[in-house]
Structure formats: C-alpha cells, structure tokens
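Report on the structure
Here are the chains, one letter per residue:
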Amino acid sequence: MLIKIQNLKKQYGEEELITKVLHGLSFTINQGEFISIMGPSGSGKSTLMHILGLLDRLTKGQYEFEGQDVSKLDDNQLAKLRNEKIGFVFQAFHLLPKTTVLENVMLPLAYSSDKKNHIAKAKKILESVDLGHRLNYYSNQISGGEKQRVAIARALVNNPSVIFADEPTGNLDSKSGKQVMELLQNLNDQGNTIILVTHETQTAEHANRIIQLKDGLIVNDSSVKNKRIAKNEKILVK
Amino acid sequence: MNEILKTISIALKAMKKNKIRTSLTILGMVIGVASVIIVFSAGAGIESLIVSQIQSFGTDIIQTEIKIPSNKKGSDNSLGIVQGVQITSLNLDDLKDLNKLANIQNTYAGILGQEQLNYKNETKATTLMGVTASFIDIDKSEIDIGRFFTDAEDKSLAKVIILGNKIKNELFGNSDALGKFVKLNKTNYQIIGIMKERGAMLGMDFDEYAYIPLRTIQKRIMGVDHILYMTHGIYNTEIAENTAEEIREILRDNHNINNPDKDAALDDFRVTTMKEMMDMMGTITKYITLLLLAIIIISLIVGGVGVMNIMYVIVSERTSEIGLRKALGANKSNIMLQFLIESILVTFLSALLGIILGVIMSYLISIIATMNGFKEWEFIIPIKAYITAFLFSIISGLLFGVYPARKAAKLDPITALRK
C-alpha cells in the first residue's frame, strides 16, 4: 500500500475564524494506480493533494505514506521525502525562467542525496519524453505542451513512488493536453502511480479510479468504466 | 561543494538578468569599500610623509622644551599657554650641565620671537629664531651664501642676522643681500648669511625664518634670560631613551622639582627622543585613520541596508521559484543558503570593484600629492585594507542577507507556488 489516510481533517485559521476544508476523509491508494481527484471549485481537492503531496499538514486524522506516519515528520524530513518519493506536475508548469530545459529537469537532483550523473539522468528522462532535441533550449523558447513534458520529466527524474499532477492540461490547447495525458497514461502503464487533480470530467476519465469530492467530503470513489484512452494507443514513453 | 557552486551560478544568473538593479545595489557598497582602501592608503601615505619629514630633522637628536607642569596628566600645558603662563626656568646653565652628559655631542638652545624686518621700503613680518652658534652643526639647515654667526658673536650680543631663503627673496629680490643691513626693532642688523632653501615641514616653513644669536635676542630684543628649547645632538641613538632620562634628572635637580615618581606631568620641561616623536605622530595618524574608518563604516552599513532592501525585493520576486524548490525537495537550509550566498556574492562583487576603484583612486591621490610638493608621500595599500574590505563585505553580506534569506526559507510552499 502506498497511501493510507484515515479520518483526515483539515481546517485553516484559529478560534472564531476557523474554515473547515476537509471533514474526515478515509481511503487507500495502491502502488501503480492512476487516480483522479475530482470536484468543483472549493471542494477541497487541491488541499487534499497538498496534504497527500506532503506540502501541507493535516489537522486531524492519520496519513501513512509507504507505511510511515508522516504527521510525525519534521519539515526537513518531509522535504527529503518529497524529493525522493514524490513528483509534482503543476498547471502553470513552474519552470525556472532563463534556465535551460536540461537544468530545469536537473533541479530536484540538486537536493537529492544521490550526487552522481545528474546530467546523464536528466538527459535520459528528457529523451524518454521526446525532448532530447530541446536540452539546451531555454524554458521560454519551447511550447506549452513541451513545457508540461519538461515538468513531467522533472517529476520523474528522481524515480518517485507517486506523481501528483494538478490540472496538468489546464493551460494547454486540446492537442497538447491530449499528448500530456497520453504521456501520464503511459507512465502509469509502466507502473508509475499517478494522482491527478482536475475539475474536468474528460481529463479525470483517463484514470482507473475517480475520487469525487464535494464540500470536503468524498461523495464518490469508484473505478472508471469508460476509459478514453486504450492501452494500445500511441505510446509516447519509450 | 557542488551545490554551493550551483547556487553561486544561480545567483550570478539572477544578477546578470537584472543588470541595472544589481549595479545600483552594489554602487553604495563599492563606494564604501573604495573609501576604506583610500583611507588606509592615505593614512599610510601621510605616515610615510611624516616619518620622512621627522627623519629629515635627524634621528640622532633629542629635544628638550619647556612645558607647564600639571598635577595630573592631561592638556594643562595648552590651557596654561592660553592663560599666559610663562615658564622661564630653562636657561643656558642647563645647557652647560647637559652638555656634560656622555652621550651628548653638542646642544643648541633656542627662543622664538615675532618681529618685523625692514629693508628700505620693504617690510616683512618674520619669525626670529634666536639660537646658539652650534645650531648650524646640529640642525639640518645649511648656509647657502655667507656664514653662520660664531659663539663669540653670540656672547658679544652681535647685531648679525642670517635670512631664510624666502625672506631674502621678498626683501631683496634677485639683488645681493650679503653685508647689507636690515632694521629689526629700529636697530640695524648686518646680514652675514643666507640659508639654503629647505621648504616646509610639519607646518614649519624654514625659509621664512631669520636667525640671530640667542643672547642678542634675549638681551637686545626680548629682555629675558630663559630659553624655550634645546636640541641635543647625540652620539648613540640606541641609548637615546637613557640619555633622555639623564636629561630629565639633571633638569629636575636644576629646577628644584621634587618628583620621586618620575611623573613627567610634574616637570616644567618635556624631553622627547625622535623615536618618541615618530611614535607620537604614528599614533595621531592611526587615530585619524580610525576616525575616518568609523565614518566610512557608517556609509558601508547604509550600503548594506541597500543590499538588504534589494534582497527583500529579490525574495519577493522569486517567491514562486522558492515554492517550486521547496516542492521539489529543498529544505529551509537549502533556501536560506541560496539567498545568503546571493547576498554575499553581491557584497563580494562590491568589494572586488571597490578595491579596484580604491587602488586606482589611491594611486591618483599619491601622484597628485607628489606633484604638489609632498615628495615623500608613498603609494602604499596596507594588507589590512584588503582584509578589512573583504571581511566587511562578507560580514555585511551575511548580516544584511540573513533576514531576507530567513524570510525566503520560511515561505510556505503552497502560498509561494500560487504567486
């Protein structure tokens, strides 16, 4: 089991100004799953992703990541775990400006305990997402779709246990969005665990399982019957 | 190490990206650091100038001069002078006794007066140096034309005078002055010599002095018996301190000064060796340098605050980047280090540019000083100037970078990513 949460609650503020966001969520996620967390704006899906991605702490409940109770870890231990076990793909790409594609992908390796072959690792990952020809391009010299593929390569470079993708197609045209989703699909096919946060049903349906949130509660947690992309479609990841 | 190099590279890129802002940020620090170099260099230059000027009086002399005794150490001497207190205890009998000391080769005594010299229609206010005949043997001044007066002339209150180079030129121009008479206190004095040009040293322009026999000025002009100072030529400079102490003992005895603790403040005279004189001048220069440095350090602090300000702007501008780095695994120390290195890099670069500017300016100052008559001014940049500049830049980079860096390190990654 990769992730196990029990009665997870999250609230912001203190005393009279408390805003309760998550009201006691419980579920498990296994290695190799492709999960979409769906919900309308304000449902708490981003907060849930931040907690699962170890960027934020829960208020009450229990969160085990690979069998480890993460609520007891300090900030530095959480940072190490994020670096080694978690990859993030953001809607706004978050690539460093005036920095090459290769340097962007190498960024997580700068904080890794593994100090060897950073360039070789980053190059290999970039080639696997068909960006081997863009290594020395600056992040402002490539298209939106390519930027998101760079972000995916960056998420993969430390060989994480799970990739969190927060609205990864939100800033892309439909063609690029489709390519990015195909890439995530293929990564999942190769055994990577993907947790996708989206408000778009179409995007969410690429997953095997959809957890639907509404007002901080899980209203549905079920497998996807009608997957849009078949496994035998064009494979981008080699 | 690799990470630090990487951080330096990131910081350099950020600085390169914002050239104008970086230039303005470092400008204050550059000026501050350059000032540190200039002050140190000027301090060393002035010191070399003073040392060389003191040495031009000769290192083989000891100076004895009158002073107002005090019950406590301090500046009562100057206060006494202002109040018109006169010390008349030092006289030619002291000179005779002191000349008996083994290490004293010879001594001349002196007294100063301000008088007007007249030649035909020309008038010149002059500093009159009444000295004994041995002056010309001990002092570094030399006769250009004619001769200095003799001991016999001094003892006979001869009305003879030797003119400084400038006075001669002002009163006589290019015409010959030797043998002619100038009026001093309505009495004619015959010019028997012209001094060789010597120039100004430590605020004294020797070329504007006129020399007459000590006893002549004492009896004929001032009506006194005392002297103001004595200069002793000594054989062995190694034992100058001992000789100075022997002088003090003799003078205390002669002047009936009961001073068993040998407290110089109680004496009515001051004995100074040339080494003491140089030490004293060195101390004065050092304090002036320190005072200037204190002022400059204030400007460096202002420059440092400028760096801090810009670092806050940089942190604010790169909030999203900080959020991303934290999401990708950077911990607080990583972020703190990144911004601290950036801040130190800014101040380090300022130090480098400041030192280059400071060295160039110091060199120009030394050239200007040399061209304006301060020939002994040496172009020196002491090692401590470089060390102070670098240390201060790194310390201010650390001090003024630490708060912005802490702010960056404390940023919540989620909030930062949303920026």
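Our subject in this report is the structure included herewith. All residue numbers refer to positions counted from 1 along the written sequence of the respective chain. Chains and ligands are labelled sequentially in the order written, the chains with letters from A and the ligands with numbers from 1. Since the coordinates come from a predicted model, pLDDT governs what is reported: local features require at least 70, and pairs of side-chain atoms require 80 or more to be given and counted, while whole-chain, interface and lining totals use all residues. Only hydrogens and water are set aside when side-chain values are computed; all heavy atoms of the structure are taken into account.

1. Things to note about the overall build of chain B
Scanning chain B for helices and strands turns up 14 helices and twelve strands. Exposure categories follow from relative accessible area, calculated using a 1.4 Å probe and restricted to protein chains: below 20% of the type maximum is buried, above 50% is exposed, and the middle band is partly exposed. Per-residue burial over chain B gives 49% buried out of 419 residues. In what follows, a contact means two residues having at least one pair of non-hydrogen atoms within 4.5 Å. In chain B, the proportion of contacts linking residues at least 24 apart, taken out of those at least 6 apart, comes to 78%. Surface summary for chain B: the accessible area is close to 20600 Å², and the carbon and sulfur share equals 59%. A run of H or I in DSSP becomes a helix once it reaches four residues, and a run of E becomes a strand once it reaches two; helices and strands are each numbered from the N terminus. What sets the accessible areas is the Shrake-Rupley method with a 1.4 Å probe; for residues, cover comes only from the shown protein chains.

2. Section: unusual backbone geometry
Unusually for a residue other than glycine, Lys98 of chain A sits at a positive phi of about 50°. On the secondary structure map, Lys98 of chain A appears in the loop between strand E6 (86-89) and helix H3 (101-110).

3. Describing the pattern of salt bridges
Residues and elements named next belong to chain B. Any Lys or Arg side-chain nitrogen located within 4 Å of an Asp or Glu carboxyl oxygen qualifies as a salt bridge. Tallied over the full model, the rule gives 29 salt bridges over all chains. A salt bridge links Lys219 to Asp225, with the nearest nitrogen and oxygen atoms 2.5 Å apart. Assessed through its relative accessible area of 54%, Asp225 is described here as exposed. Between Arg252 and Glu245 there is a salt bridge, with its nearest N and O atoms 3.7 Å apart. Given a relative accessible area of 23%, Glu245 falls into the partly exposed group. One network of salt bridges, in which partners are shared, links Glu245, Arg248, Arg252 and Asp267.

4. Points about the nonpolar core
Generally speaking, nonpolar side chains in soluble globular proteins are found buried as a group. Among buried residues, those of type Ala, Val, Leu, Ile, Met, Phe, Trp, Tyr and Cys that are joined through side-chain atoms within 4.5 Å constitute a nonpolar core. Ile3, Ile5, Leu48, Leu52, Tyr63, Phe65 and Phe164 of chain A are the most contacted members of the largest nonpolar core, which has 40 residues in total. Setting aside its immediate chain neighbours within four residues, Leu48 of chain A contacts Ile5, Leu22, Leu25, Phe27, Ile37 and Leu213 of chain A. One finds Ala109, Ile191, Ile212 and Leu251 of chain B within the second-largest nonpolar core, a separate group that totals 39 residues.

5. Here's the deal with the interface of chain B and chain A
The figure often quoted for interface size is the accessible area lost as the parts come together. Listed by partner, the interface residues are 22 residues for chain B and 22 residues for chain A. Two parts placed together each lose some accessible area under a 1.4 Å probe, and adding up what both lose gives the buried area. Buried surface at the junction of chain B and chain A, both sides included, amounts to about 2000 Å², of which 60% is carbon and sulfur. The largest contributions to the chain B side of the interface with chain A come from Leu324, Leu328 and Ile414 of chain B, which together make up 28% of the buried area. Our count for the contact surface shared by chain B and chain A stands at one salt bridge. The partner of Lys332 of chain B in a salt bridge is Asp75 of chain A, and the shortest N-O contact between them spans 3.6 Å.

6. A look at the sheet that holds strand E4 (residues 60-65) of chain A
All names here are of chain A. Pairing within the open sheet is antiparallel, and its four strands lie in the order E2-E1-E4-E5. Strand pairing shows two members of the sheet lacking a second neighbour, strand E2 (19-29) and strand E5 (68-69), which therefore form its edges. At least two bridges found by DSSP between two strands is the condition for calling them paired. Pairing geometry for E4 and E5, over two bridges, is antiparallel. By the bridge assignment, Glu64 is partnered in E5 with Asp69.

7. Regarding the pairing of strand E3 (residues 122-131) of chain B
All names here are of chain B. Within E3, seven of the ten residues are buried, which leaves the element mostly enclosed by the surrounding structure. When strand E2 (residues 104-119) meets E3, the two strands line up antiparallel, connected through ten bridges. Bridge assignment links Ile111 to a residue of E3, and that residue is Gly130. Here five bridges tie E3 to strand E10 (residues 209-213), and the two strands are oriented parallel to one another. Residue pairing for E10: Met129 is matched across the bridge by Tyr211.

8. Considerations on the pairing of strand E3 (residues 34-38) of chain A
All names here are of chain A. Of all five residues that make up E3, five are buried, and the element is covered over most of its length. Burial along E3 is two-sided: the residues Phe34, Ser36 and Met38 and Ile35 and Ile37 are all buried. Here five bridges tie E3 to strand E8 (residues 193-198), and the two strands are oriented parallel to one another. Bridge pairing links Met38 to Thr198 in E8. Pairing geometry for E3 and strand E9 (residues 209-214), over four bridges, is parallel.

9. A few points about helix H13 (residues 383-410) of chain B
Residue and element names in this part refer to chain B. Taking 1.5 Å of rise per residue, 28 residues should cover 40 Å, and H13 covers 40 Å from first to last C-alpha, within 8% of that figure. Note that bend, as reported per residue, equals the angle between axes fitted to the 7 residues terminating at that residue and the 7 residues originating from it. Its axis deflected by about 40° at Val402, H13 carries its strongest bend there, up to four residues before the proline Pro404. Among the residues of H13, Ala385, Ala389, Phe392, Ser393, Ser396, Gly397, Phe400, Gly401, Pro404, Ala405, Ala408 and Ala409 are the ones counted as buried. Contacts from the buried residues of H13 go to helix H2 (19-56), helix H10 (274-317), helix H11 (319-327) and helix H12 (332-371). In a helix, the anticipated span is given by 1.5 Å times the number of residues less one.

10. Overview of empty space enclosed by the protein
Think of a ball as big as a water molecule: rolled over the atoms, this probe shows where empty space is left. Residues and elements named next belong to chain B. Here a cavity denotes a set of grid points, spaced 1 Å apart and computed over the protein atoms alone, in which a 1.4 Å probe fits but from which it cannot get out, and a pocket denotes an open set meeting protein on both sides within 12 Å along at least five of seven lines; residues with an atom within 4 Å of a point are reported as lining. Grid points are joined across faces, edges and corners, and a volume is the space filled by probe spheres set on the points. What the rule picks out here adds up to four cavities of 30 Å³ or more. Here the largest cavity is characterised by a volume of approximately 60 Å³. In terms of lining residues, the largest cavity is bounded by Ala14, Met15, Asn18, Arg21, Thr22, Thr25, Ile310, Met311, Ile314 and Val346. Those elements that provide at least two residues to the lining of the largest cavity are helix H1 (2-17), H2 and H10. Partitioned by chemical class, the residues of the lining of the largest cavity number six nonpolar, three polar and one charged. Residues are sorted three ways: Asp, Glu, Lys and Arg are charged, Ala, Val, Leu, Ile, Met, Phe, Trp, Tyr, Cys and Pro are nonpolar, and all the rest, Gly among them, are polar.

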